[in-house]
Amino acid sequence: MNNEEKDLKNVEVANETEKNTRFGRNNKQKAEGEKTQEEKTVKKVNHIGLYENRELSWLKFNERVLEEAEDTSVPLCERMTFLSIFQSNLDEFFMVRVGSLEDQKLLSQKLRENKTNMTAGEQIEAILKRVAELNERKDAIYASIMKEVGEKGVHLTDFKALAKSESKYLEEYFMKEIVPLLSVMIVGRKQPFPFLKGQEIYALAVLGTRNGKKKIGIIPCSSSVFPRLIRIPTKDDTYMLVEELILHFLPKVYKGYKVLEKSVIRVTRNADIDFNAVYDEDLDYRDKMAQIVKLRKKLAPVRLELSRDINEDMIKQVCEYAEMEEPHVFLNQAPLDLSFLFQIEDILRKDANLVYQRRVPQPSPMLKSNEHIIPQILDHDVLLSYPYESIKPFLQMLQEAARDPEVISIRMTLYRLARNSKVVEALTEAAENGKQVDVLVELKARFDEANNIEWSRTLEDAGCHVVYGIDGLKVHSKLCLITRKVGDEIQYITQVGTGNYNEKTSRLYTDLSLITADKRIGEEAAKVFQAILLGSVVEDMEHLLVAPKCLQNKVLAMIENEIQIAKEGKPAYIGIKINSLTDKKIIDKLIDASRAGVKIDMVIRGINCLRSGIPGDTGNIHIVSIVGRFLEHSRIYIFGTHDRDKVYIASADFMTRNTLRRVEVAAPLYDETVKNKVRKMFATMLRDNVKAREQQPDGSYQKLSMVGPVLNSQEYFYEEAYMEAGDAFHQLLRKQDMDTEKKQTV
């Protein structure tokens with residue numbers, strides 16, 4: 001038995017009924033239910049491993065999202081948003097990760113992952129059990145939130161709470177407005193079981209015939225032609241979900257049958273398509289990606305959710321029709337699609353106490369807003385910190401470059417873009433103005449393929465040179481290079497970011513964007529683009545870290561350097577902020593560093609396959625996760641103590657897919673002002689005691705006790721941005737006053 005299985009066996013307490021066993025659970029550990037908490041804790045400590053399973057670690061992250069929905073100090077509307085995010089996260093997890101594991105299971109029953117030694121089947125079994133537990137918690141949180149929503153005057157009702165006149169109104173509404181739009185199906189010899197679209201809602205009925213047989217009736221409930229929330233006109237702000245309305249009046253639709261049982265159902269399908277399995281060299285690459293987007297809607301189901309319990313035989317029959325195993329079936333008390341919560345939020349938002357305080361990205365204190373951007377960058381490096389500071393200076397710089405007669409080319413890598421992208425506008429203007437514009441559009445940006453396909457056509461139509469990546473590699477770097485020719489001199493302005501060129505997410509995600517005229521960085525960025533345009537990758541760099549050839553190995557070398565310094569008895573330090581940690585080579589090197597005495601601080605938002613704080617092994621590693629109002633997305637690498645440190649910002653997490661299977665770029669910070677800004681940000685995040693959770697030696701996460709000053713790092717950074725913007729504004733006013741005085745004196 002591997003370490004992960006032992007931990008699950010000792011920590012989890014199963015006390016479920018036979019009914020719950022059918023819905024994604026098992027009761028193999030009932031005997032554990034009688035053990036005391038003290039006994040379980042002792043066993044847990046005795047069986048600690050150094051690694052976490054990737055998938056179970058991700059579920060722990062989504063649990064931290066769920067905790068934000070549960071936290072009553074979070075405004076009510078925002079708690080509803082976190083609940084919706086929890087569900088959409090889980091949907092994507094099943095579509096991608098569980099779908100991938102199902103494929104692995106088909107390929108090999110014996111293949112084991114390299115950290116906790118679990119097979120695909122063992123991982124799926126553990127996932128389904130954990131998801132069932134999280135679903136119970138989600139259902140309870142939903143009920144609590146909706147109770148508070150009701151207290152605020154907005155109600156989601158059912159027929160039990162309605163008067164006869166109101167029920168009569170809904171019946172008439174159903175017959176007149178809904179029935180003509182319904183597609184009614186009965187499964188039989190001449191009517192095969194229909195294809196159920198992923199993430200869409202259906203009403204399922206068990207129908208009794210006159211001769212005593214049973215049939216299945218299915219009605220799609222997801223439609224753009226009728227509303228999800230049906231308003232009850234006799235009551236203020238009272239609504240009913242359309243699927244509940246359809247479910248209630250099934251007898252009106254299935255005349256001649258007796259509705260024996262009914263439930264709302266929802267299927268999640270595998271979206272993890274193996275591109276290489278469907279790629280045809282004779283087809284245009286962009287057209288092939290468009291085909292893959294269509295294929296995604298038809299893949300095998302990996303989860304079936306029910307809103308009501310129906311008999312086991314019928315569940316078996318539905319699973320057979322859908323070609324899915326019964327453990328993948330879940331019974332939920334909350335509605336199966338929580339997207340309607342955003343509509344309720346819109347109703348409640350008039351009360352400012354129910355939403356976060358309004359925040360607006362501020363001007364950067366490193367730039368003068370009334371002057372052109374390019375000359376300022378030529379003078380000094382600039383670091384923009386989103387969402388606290390605005391993305392507008394970067395967009396302004398692109399617009400200036402598009403019109404600057406001394407700019408000869410603009411090169412960019414594009415991964416995810418906003419719907420109405422100002423970046424694309426600037427690039428198309430540059431091309432139309434005769435600049436050489438080379439753009440790498442990554443068509444394999446998961447779930448953004450369709451958007452990127454359209455933008456690639458727009459760029460091509462404007463005269464941009466568009467390429468679609470490198471065979472076998474995603475281009476995930478956030479890199480922009482503006483080349484100017486001033487007389488005989490070549491000037492480079494390079495931007496390296498941690499996040500996408502997306503105006504919308506720049507207000508929601510925490511990201512960093514370095515803009516520099518440092519020729520060393522510009523020359524290496526030019527080499528990266530030259531390689532991309534030739535369909536290859538750079539082999540080595542002196543300044544930039546560039547995956548897949550020269551990022552992981554250089555990170556390992558810098559960790560090794562800290563190990564050697566620690567062995568000499570000198571202070572050694574590593575600070576890392578990333579979204580995920582799964583790369584086993586890096587994990588093992590960090591363990592070696594901890595054993596050698598290197599102090600390691602890590603801020604990891606999501607997946608983390610390393611357990612910290614284990615004496616003798618990872619006792620020198622401290623790991624926190626920050627989940628708050630904004631999605632933590634920036635990546636920071638720090639190697640060395642303050643007097644000798646190397647500091648980078650990067651597009652790459654420490655995941656094998658990033659370090660070895662993608663083009664990623666990390667940039668060194670050479671400007672001391674910029675470097676200090678990043679050092680301070682990292683230190684502040686480590687002091688967060690409001691939204692930070694600290695990883696425990698058993699792999700669990702606990703919120704920090706609010707000892708001393710209360711610090712929410714995200715709110716702190718916004719307050720700081722407002723203060724610095726105010727100071728800059730006042731400095732500008734003082735400068736204008738001084739200029740006026742000089743003129744008057746003259």
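Computed from a predicted structure; not experimentally measured.

Undergrad: How would you sum up the pairing of strand E12 (residues 436–441)? Please name residues and give values.
TA: The element E12 is extensively covered by neighbouring structure, given that five of its six residues are classed as buried. Taken together, the six bridges between strand E11 (residues 407–414) and E12 define a ladder with parallel strand orientation. Bridge pairing in E12 places Thr 413 opposite Leu 440. Between the parallel pair E11 and E12, the chain is carried across by helix H16 (residues 422–432), and the sense of this crossover is right-handed.

Undergrad: So, the packing of helix H15 (residues 392–403) against H16: which residues are in play, and what are the values?
TA: In the contact formed by H15 and H16, the axes pass within 8 Å of each other and the chain directions differ by 10°. When the axis of H15 is compared with that of H16, the two are roughly parallel. Here H15 contributes Phe 394, Leu 395, Leu 398, Gln 399, Ala 402 and Arg 403 to the contact with H16, which in turn contributes Lys 422, Val 423, Ala 426, Glu 429 and Ala 430. The residue inventory of the contact of H15 with H16, partitioned by class, reads seven nonpolar, one polar and three charged.

Undergrad: Help me get a handle on the nonpolar core, residues and values and all.
TA: Core analysis: the biggest nonpolar cluster contains 89 residues, and Leu 581 and Tyr 637 have the highest contact counts within it. Top contributing element to this core by residue count: helix H6 (residues 120–151), with 13 residues. Among all residues touching Tyr 637, those that are not within four sequence positions of it are Leu 545, Leu 551, Gly 575, Ile 576, Ile 578, Lys 646, Val 647, Tyr 648, Ala 650, Ala 652, Phe 654 and Ala 666.

Undergrad: Break down unusual backbone geometry for me, with residues and values.
TA: In this chain, Tyr 386 is followed by Pro 387 through a cis amide linkage whose omega measures 0°. Omega for the bond connecting Ala 547 with Pro 548 falls within 30 degrees of zero, at 10°, which places this linkage in the cis form. Notably, Asp 237 is not glycine yet its phi reads approximately 45°, a positive angle. As for its position among the elements, Asp 237 is in the loop between strand E5 (229–231) and strand E6 (238–241). Look at Asp 237 and you get partly exposed, because its relative accessible area is 23%. Residues other than glycine seldom take positive phi values, yet Glu 323 does so here, at roughly 60°. Of note, Glu 323 is situated in the loop between helix H12 (312–322) and strand E9 (329–331). Classification of Glu 323 as exposed rests on a relative accessible area of 69%.

Undergrad: Now, about the pattern of salt bridges: what can you tell me, with residues and values included?
TA: All told, the structure shown has 54 salt bridges when counted by the stated rule. Notably, a salt bridge pairs Glu 55 with Arg 54, separated by 3.9 Å at the nearest N-O pair. The residues Glu 55 and Arg 54 share a single accessibility class, namely buried. When the shortest N-O distance is used, the salt bridge between Lys 691 and Asp 71 registers 3.9 Å. Of this pair, Lys 691 sits in the loop between helix H22 (672–686) and strand E26 (692–695) while Asp 71 sits in the loop between helix H4 (54–70) and helix H5 (76–107); the two residues are 620 residues apart in sequence, bridging distant segments of the chain. As far as the burial class goes, Lys 691 and Asp 71 line up, both buried.

Undergrad: How would you explain the packing of H4 against H6 if you had to name every residue and give the values?
TA: Two elements in contact, H4 and H6, have axes separated by 11 Å at closest approach and are oriented at 5°. As summarised for this structure, H4 and H6 are arranged roughly parallel, according to the angle between their axes. Counted together, Glu 55, Leu 56, Leu 59, Glu 63, Leu 66, Glu 67, Ala 69 and Glu 70 of H4 and Gln 123, Ala 126, Ile 127, Arg 130, Val 131, Leu 134, Arg 137, Lys 138, Ile 141 and Ile 145 of H6 form the full contact between these two elements. Each residue belonging to the contact of H4 with H6 can be placed in one class, and the counts come to 10 nonpolar, one polar and seven charged.

Undergrad: Kindly report on H12, identifying the contributing residues and their values.
TA: In an α-helix, one full turn covers 3.6 residues, which means residues spaced three or four apart are oriented alike. Those residues of H12 lying buried are Met 314, Ile 315, Val 318, Cys 319 and Ala 322. All buried residues of H12 project into a common sector of 140° when viewed along the axis, lining one side. Exposed and facing more than 90 degrees away from the buried side of H12 are Asp 313 and Glu 320. For H12, the N-terminal capping position is held by Asn 311, with its side-chain oxygen 3.1 Å away from the main-chain nitrogen of Asp 313. After H12 finishes, the residue Glu 323 shows a positive phi value of roughly 60°.

Calculation rules
- Residues numbered from 1 in each chain as written.
- Predicted model: local features only at pLDDT ≥ 70, side-chain atom pairs only at ≥ 80, totals over all residues.
- Heavy atoms only, no water.
- Buried < 20%, exposed > 50% of the residue type's maximum accessible area, 1.4 Å probe, protein only.
- Helix = DSSP H or I, 4+ residues; strand = E, 2+ residues; numbered from the N terminus.
- Pairing = 2+ DSSP bridges.
- Right-handed = clockwise from strand over helix to strand, strands pointing away.
- Axes fitted to C-alpha atoms, helices over the stretch in contact; angles between N-to-C directions.
- Parallel < 35°, antiparallel > 145°, perpendicular 65-115°, else oblique.
- Contact = heavy atoms within 4.5 Å.
- Nonpolar A, V, L, I, M, F, W, Y, C, P; charged D, E, K, R; others polar.
- Core = buried A, V, L, I, M, F, W, Y, C linked by side-chain atoms within 4.5 Å.
- Salt bridge = Lys/Arg side-chain N within 4 Å of Asp/Glu carboxyl O.
- Arc of directions from axis to C-beta.
- Polar contact = N/O pair within 3.5 Å; in protein donor to acceptor, adjacent residues only side chain to side chain.

Just geometry here; none of it tells us what the structure is for.
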